[in-house]
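# Inside the fold
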Amino acid sequence: MKTLSFLIFLLFSVSGYAKTWGPSKPADPGFDREATLDKLYNLLAKAPDENASREIFEHVWRTWMVAPDEMAAESLNQALRARGGYEFDKAIAILDDLAKQYPMFTQAISERSYVYFLKKDYDRSLSDCEKVIESDPRHLGCLSGMARILIRHQQRYKAGKSILERAIKWHPRIYERVLLKEIPDFILNQKSEKDNTV
């Protein structure tokens, strides 16, 4: 664990976060999201235990939340506060504007997907996740969210199994692996189809 913690410290001391309030913070100059995620996913796939896995995934989540600038960070934080206060429509409106202004900041779309999920608007939630996955095929938040909707809420077991297996590839201890127990045995025992089953 000491070695793992040291590796994460080195990783984030190079690409540190600006000291602003909130889960979302603006990127420091030179911050390379993809390179940071590459290193974290590599660590996550090899995590020796549950504690290490949770620690690494926390850094993955923090990396997703790094915004292009202070304005984007504050907008995302406003949306998160609205969501936390069950002001779902307000959160969606903020995230709509954020996604339009910063089309490459896919976390805005990911967070909007979660708001739709909370509203039980599963089709829109899936649609947003698909948009995120097009840009970031390893986005575990959207992969796990899609698997949850497909398996638990829509009983689309083959598609859900395929998506869930993609998430498990990057995060072998991901919580949503429990969804495998909800897939009928005859589907669970089939070989996975291609990833475009959604």
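Presented here is an overview of the structure given in this document. (Residues numbered from 1 in each chain as written. Predicted model: local features only at pLDDT ≥ 70, side-chain atom pairs only at ≥ 80, totals over all residues. Heavy atoms only, no water.)

### So, the nonpolar core
Core analysis: the largest hydrophobic core is formed by 34 residues, its most contacted members being Tyr 41, Ile 56, Val 60, Trp 64, Leu 140, Met 146 and Ile 163. Of all the elements in the fold, those that place two or more residues in this core are helix H2 (33–45), helix H3 (50–64), helix H6 (107–118), helix H7 (122–135), helix H8 (140–153) and helix H9 (157–170). Of all the elements, H8 adds the most residues to this core, at eight residues. In this structure Trp 64 touches Arg 33, Leu 37, Tyr 41, Phe 57, Phe 105, Gln 107, Asp 136, His 139, Leu 140 and Gly 141, once residues within four positions along its chain are discounted. Core analysis: the next-biggest nonpolar cluster, separate from the first, contains 19 residues, Met 65, Ala 67, Ala 73 and Phe 105 among them. (Core = buried A, V, L, I, M, F, W, Y, C linked by side-chain atoms within 4.5 Å. Buried < 20%, exposed > 50% of the residue type's maximum accessible area, 1.4 Å probe, protein only. Helix = DSSP H or I, 4+ residues; strand = E, 2+ residues; numbered from the N terminus. Contact = heavy atoms within 4.5 Å.)

### Focus: the environment of Ala 72
Note that Ala 72 resides in helix H4 (residues 70–84). Residue class for Ala 72 comes out buried when judged on its relative accessible area of 0%. Contacts of Ala 72, omitting those with residues within four sequence positions, involve Ala 67, Leu 98 and Tyr 102.

### Examining the pattern of salt bridges
This structure, assessed with the given rule, holds 13 salt bridges. Glu 34 is the partner of Arg 138 in a salt bridge, and the nearest nitrogen-oxygen pair spans 3.6 Å. Here Glu 34 lies in helix H2 and Arg 138 lies in the loop between H7 and H8, a separation of 104 residues in the sequence. For Arg 138, a relative accessible area of 13% translates into the label buried. (Salt bridge = Lys/Arg side-chain N within 4 Å of Asp/Glu carboxyl O.)

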